[in-house]
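# Observations on the three-dimensional arrangement
Take a look at the letters that make up each chain.
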Amino acid sequence: MNKKPNNTQVKCLITDFDETFFDTSLTRNLRKEKEKDWDKIYSLIPQFKMYDGWQDVLKYLKENNIKLAVVSGAKTELLKRTLTHFGIETDAIVGFQWCYRKPNAKLLHMALEKLGLDPSEAIVTGNSTKDELQAQRAGVRFVAAAWDSLYKEELAQRCLMAQKPQDLIKILEESQVSA
């Protein structure tokens, strides 16, 4: 980790899905096809891998009454099926929207509206420059997820970085001190 977070109490962690929360790379080519075979994609969900360390983060969130939201460009049904398969409860899910795509801030605002929270009460984590720009546009603090990021070096120059999911716990702990 590097750089200090803004010290405003955090009530929600918003995470990207693909290559931040789950390794879904085995569906990458299938999801790029014009005519997607969703049944085949859904059949691969059991092979998705939640990144090591997320179980610790989920436990911390639950123990500290911090909400969890997933905001992704992935299809909402894929998000719901994956989270259900892995037994993960979330407080909000915002998936692919025809009218809004990353880095549009509306996707994050939709999650915050569902939760009744202000942008200052959340932290977003994601692995791409689009995630960073989306958080910036929404006025939400951003933590770059370095563990499977193609943009790691670029994001490291200007973002708070989590090298592994457990680093999010320390960042959240530091953010629980009211300004």
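Here we summarise the structure given alongside this text. (Residues numbered from 1 in each chain as written. Predicted model: local features only at pLDDT ≥ 70, side-chain atom pairs only at ≥ 80, totals over all residues. Heavy atoms only, no water.)

## Considering unusual backbone geometry
In this structure, Glu19 is a non-glycine residue whose phi angle is positive, near 60 degrees. One can find Glu19 in the loop between strand 1 (12-15) and strand 2 (22-23). Even without glycine at this site, Asn65 takes up a positive phi of about 50 degrees. Following the sequence through the fold, Asn65 ends up in the loop between helix 3 (54-63) and strand 4 (67-71). (Helix = DSSP H or I, 4+ residues; strand = E, 2+ residues; numbered from the N terminus.)

## Thoughts on the pairing of strand 4
Of all five residues in strand 4, four are buried, a share of seventy percent or more. In this structure, strand 1 lies alongside strand 4, joined through four bridges in parallel fashion. What sits directly across from Leu13, in strand 4, is Leu68. Here strand 4 runs beside strand 5 (residues 92-94); their pairing, made up of three bridges, is parallel. Counterpart to Val70 in the pairing with strand 5 is Ile93. (Buried < 20%, exposed > 50% of the residue type's maximum accessible area, 1.4 Å probe, protein only. Pairing = 2+ DSSP bridges.)

## Here we look at the packing of helix 3 against helix 8 (residues 167-175)
Between helix 3 and helix 8, the least distance of the axes is 8 Å, while the angle of their chain directions is 25 degrees. One element, helix 3, and the other, helix 8, form an angle in the roughly parallel class. Judged by residue contacts, Trp54, Asp56, Val57, Tyr60 and Leu61 of helix 3 engage Leu168, Ile169, Leu172 and Glu173 from helix 8. In terms of residue class, the contact of helix 3 with helix 8 is made up of seven nonpolar, no polar and two charged. (Axes fitted to C-alpha atoms, helices over the stretch in contact; angles between N-to-C directions. Parallel < 35°, antiparallel > 145°, perpendicular 65-115°, else oblique. Contact = heavy atoms within 4.5 Å. Nonpolar A, V, L, I, M, F, W, Y, C, P; charged D, E, K, R; others polar.)

## Regarding helix 8
Of the positions making up helix 8, those classed as buried are Asp167, Leu168, Ile169, Ile171, Leu172 and Ser175. Those residues of helix 8 hidden inside the fold are in contact with strand 1, helix 3, strand 6 (122-126), strand 7 (141-145) and strand 8 (160-162).

## Here we look at the nonpolar core
Proteins that are soluble and globular tend to have nonpolar side chains buried together. Counting 37 residues, the largest nonpolar core has Phe21 and Trp54 as its most contacted members. For this core, the secondary structure elements donating two or more residues are helix 2 (38-43), helix 3, strand 4, helix 4 (76-85), strand 7, strand 8 and helix 8. Not counting residues up to four positions away in its chain, the partners in contact with Phe21 are Thr15, Asp16, Lys49, Met50, Tyr51, Trp54, Leu58, Leu68, Val70, Leu83 and Ile88. Judged by nonpolar contacts, the second largest core, of 24 residues, contains Val71, Ala111, Val124 and Ala135. (Core = buried A, V, L, I, M, F, W, Y, C linked by side-chain atoms within 4.5 Å.)

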